[in-house]
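Coordinate analysis (summary)
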Amino acid sequence: MFRLVLTLAFIVGACAADSFPLRVFPPESKILNDPETGAKLTLLTTDTAKDTVLYFHQRSFLKDESLVFFYSDRKPEGVKSSLWAFIAATGEIVAVTTPTGNLGCPTAEVERPSVLGMRGRQLVELTIHVTPSGDPAKRSEVTAEDRVIAEFPEGDSPSELNENADGTLAALGGSYPQFNGPGIKVVDLKTGAIRPVCAVPDPPKYQGHIQWSHVNPNLLSFAGLKPRLWVVDVRDNTPRNIYPEVDKELVTHEHWWVKNEQGDDQMIFCGGLHPKPAEDSHVKVVNLRTGEVRLLAAGAWHPGIIDDDAAKSNYWHCSGADNGRWVAADNWYGDITIIDTKTVRPHVLTTANREYGHGEHPHVGWDRKSQRVIFTSERNGSADICIAELPGEWGK
């Protein structure tokens, strides 16, 4: 057991610095229709650089959806940022950085029109202001202010960041001397106070994927190697495994979802019982109170199935819309399926966004309004950011 100690941030509630400009680049978006499904697809980026979405349990969209954040390895002269944003009003893209360093582990905030990120050992809030240009020949003006919320002690190495459901706490997983290895700490986003939550021993062996419940501000989860699914209530700081696995069972790519009709917290994940090669993987939902598991979408498997066919017929990553109606899932070919949880009918939204065995993971996630999904697509020849709209008739 470790002694609970509150660590005040070296800089607490610091005033925002003077605003600074961010570099803005011309629009490069492209609208097309999926040739197989007819779905409207918007490629936010089409450059030959590698552009990839934030992980689906981060928030890519600002609260008002005016900006969409993504990673890129593009390196225009004088710019070293790995975090970029798409400006919804103009289609321009902007390099998101600060005068004293880049932001890692970004996530758009739940309630504020800002983005959180790590700058070294500093937890930083960045607020971005866009003044759209009325002249297509001129770039919009974009400025930002940064605020240091907290600074971790020397020796701490936070490497993952996520914000809770009511925007009061951030959880940071990483390596901490206090734990003699991997563990989790939380930061009060108002005061900057840092406190330890728990160490993560081996087993289960910490694998990251820190994320909070979307509806319960006290519950967060992390991934273990075996077993995979672990939940911590930050009021008692005790990790518990919510889904015991059997030998060789696949359990992966979990995502918090809405409460059920009884008010129980739920989590979705992908998994199956037939190991590689040609593994099966279904979309499942687990009730955190009862441990009951239900199938939302079934993959396919039979003796002798070849790996290519299994990769087409099973699921890889899944994420739930905040309105509770939809769950999105991708596969190894970059097909995106939307599951109507009212009927449990799967709808294929778009296909062939990846070549099997090559390329970036789609990591399909959601917008703030539960109307569009965002994912990495390679249909244009390089890794690009793609948004697909759900047809209106699906919700009727």
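Basis of the calculations
- Residues numbered from 1 in each chain as written.
- Predicted model: local features only at pLDDT ≥ 70, side-chain atom pairs only at ≥ 80, totals over all residues.
- Heavy atoms only, no water.
- Helix = DSSP H or I, 4+ residues; strand = E, 2+ residues; numbered from the N terminus.
- Buried < 20%, exposed > 50% of the residue type's maximum accessible area, 1.4 Å probe, protein only.
- Areas by Shrake-Rupley, 256 points an atom, 1.4 Å probe, with all protein chains shown as cover.
- Lys, Arg positive; Asp, Glu negative; His and termini not counted.
- Charge placed at Lys NZ, Arg CZ, Asp CG, Glu CD.
- Salt bridge = Lys/Arg side-chain N within 4 Å of Asp/Glu carboxyl O.
- Pairing = 2+ DSSP bridges.
- pLDDT = per-residue confidence, 0-100.
- Contact = heavy atoms within 4.5 Å.
- Axes fitted to C-alpha atoms, helices over the stretch in contact; angles between N-to-C directions.
- Core = buried A, V, L, I, M, F, W, Y, C linked by side-chain atoms within 4.5 Å.
- Phe/Tyr/Trp six-rings, centres within 6.5 Å; stacked < 30°, edge-to-face > 60°.

**Remarks on the overall build of the protein chain**
Assigned secondary structure in the protein chain consists of one helix and 31 strands. Here the C-alpha coordinates of the protein chain stretch approximately 65 × 60 × 35 Å along the principal axes. In the protein chain, buried positions account for 56% of the 396 residues. By element, 51% of the accessible surface of the protein chain is carried by carbon and sulfur atoms, the whole surface being about 17100 Å². With 40 positive and 52 negative side-chain charges, the protein chain shows a separation of 3 Å between the mean positions of the two kinds.

**Concerning the pattern of salt bridges**
All told, the structure shown has 21 salt bridges when counted by the stated rule. When the shortest N-O distance is used, the salt bridge between Glu360 and Lys50 registers 3.7 Å. In this pair, Glu360 sits in the loop between β28 (345-350) and β29 (365-366) while Lys50 sits in the loop between β4 (40-43) and β5 (51-53), placing the two residues 310 residues apart along the sequence. The class for Glu360 is partly exposed, based on a relative accessible area of 26%. Lys50 gets classed as partly exposed once you look at its relative accessible area, which sits at 40%. Close ionic contact of Arg235 with Asp233 constitutes a salt bridge, the shortest N to O distance being 2.7 Å. The exposure class assigned to Arg235 is exposed, which follows from its relative accessible area of 59%. Looking at Asp233, the relative accessible area reads 15%, which means it is buried. Shared partners join several salt bridges into a network, and the residues in it are Glu28, Asp51 and Arg74.

**What to know about the sheet that holds strand β7 (residues 83-87)**
Two orientations exist for strands paired in a sheet by backbone hydrogen bonds: parallel and antiparallel. Taking strand neighbours across the sheet as the criterion, the five strands line up as β2-β8-β7-β6-β5 in an open arrangement whose pairing is antiparallel. Each having just a single partner strand, β2 (24-25) and β5 make up the two edges of the open sheet. When β5 meets strand β6 (residues 67-72), the two strands line up antiparallel, connected through three bridges. Paired with Thr52 across the strands is Tyr71, a residue of β6.

**With respect to the confidence of the model for the protein chain**
This prediction gives the protein chain a mean pLDDT of 94; 96% of its residues lie at or above 70. Within the model, the stretch residues 1-15 combines pLDDT values under 50 with 39 contacts to residues more than four positions away or in other chains.

**Things to note about the sheet that holds strand β13 (residues 157-163)**
Overall, antiparallel pairing links the four strands, which are arranged β13-β14-β15-β16 in an open sheet. At either end of the open sheet lies a strand with only one pairing partner, and these are β13 and β16 (194-199). When the angles between neighbouring strand axes are averaged without regard to direction, this sheet yields 25°. The pairing of strand β14 (residues 169-176) with strand β15 (residues 181-188) spans eight bridges and is classified as antiparallel. Each residue of the ladder has a partner; that of Leu172, found in β15, is Lys185.

**Focus on the pairing of strand β26 (residues 326-330)**
Burial within β26 is extensive, with five of its five residues counted as buried. Along β26, one buried face is formed by Trp326, Ala328 and Asp330 and the opposite face, lined by Val327 and Ala329, is buried too. Here strand β25 (residues 317-320) pairs with β26 via four bridges, running antiparallel. Note that in β26 the partner of Cys318 across the bridge is Ala329. In this structure, the hairpin formed by β25 and β26 is closed by a connection of five residues, where Gly324 is found at a positive phi of approximately 80°.

**Let's talk about the nonpolar core**
Phe69, Val94, Val96, Leu126 and Ile128 are the most contacted members of the largest nonpolar core, which has 21 residues in total. For this core, the secondary-structure elements that each account for two or more residues are β6, β7, β8 (93-96), β11 (122-131) and β12 (141-151). Apart from the residues lying within four places of it in its own chain, the contact partners of Val96 are Leu22, Phe69, Ser81, Leu83, Trp84, Ala85, Leu126 and Ile128. With 17 residues, the next largest nonpolar core counts Leu41, Leu43, Ile336 and Ala388 among its residues.

**Points about the packing of aromatic side chains**
The description of two aromatic rings rests on the distance between their centres and on the angle between their planes. Enumeration according to the criterion identifies nine aromatic pairs in this entry. Taking 6.1 Å as the distance between ring centres and 45° as the angle between the ring planes, the aromatic pair formed by Tyr206 and Phe222 counts as tilted. Note that Tyr206 is positioned in the loop between β16 and β17 (211-212) and Phe222 in strand β18 (residues 219-223), a separation of 16 residues in sequence. For the pair Tyr206 and Phe222, one class covers both residues: buried.

**So, the environment of Ala199**
Position of Ala199 among the secondary structure elements: in strand β16. Separated by 64 residues in sequence, Ala199 and Gly263 have C-alpha atoms that sit 29 Å apart.

**Comments concerning the pairing of strand β10 (residues 114-119)**
Taking burial as the measure, the six residues of β10 include six buried ones, the bulk of the element. Along β10, one buried face is formed by Ser114, Leu116 and Met118 and the opposite face, lined by Val115, Gly117 and Arg119, is buried too. Taken together, the three bridges between strand β9 (residues 104-108) and β10 define a ladder with antiparallel strand orientation. Each bridged residue has a counterpart across the sheet, and for Gly104 the counterpart in β10 is Met118. Bridge count for β10 against β11 is six bridges, and the pairing is antiparallel. Within β11, the residue paired with Arg119 across the bridge is Gln122.

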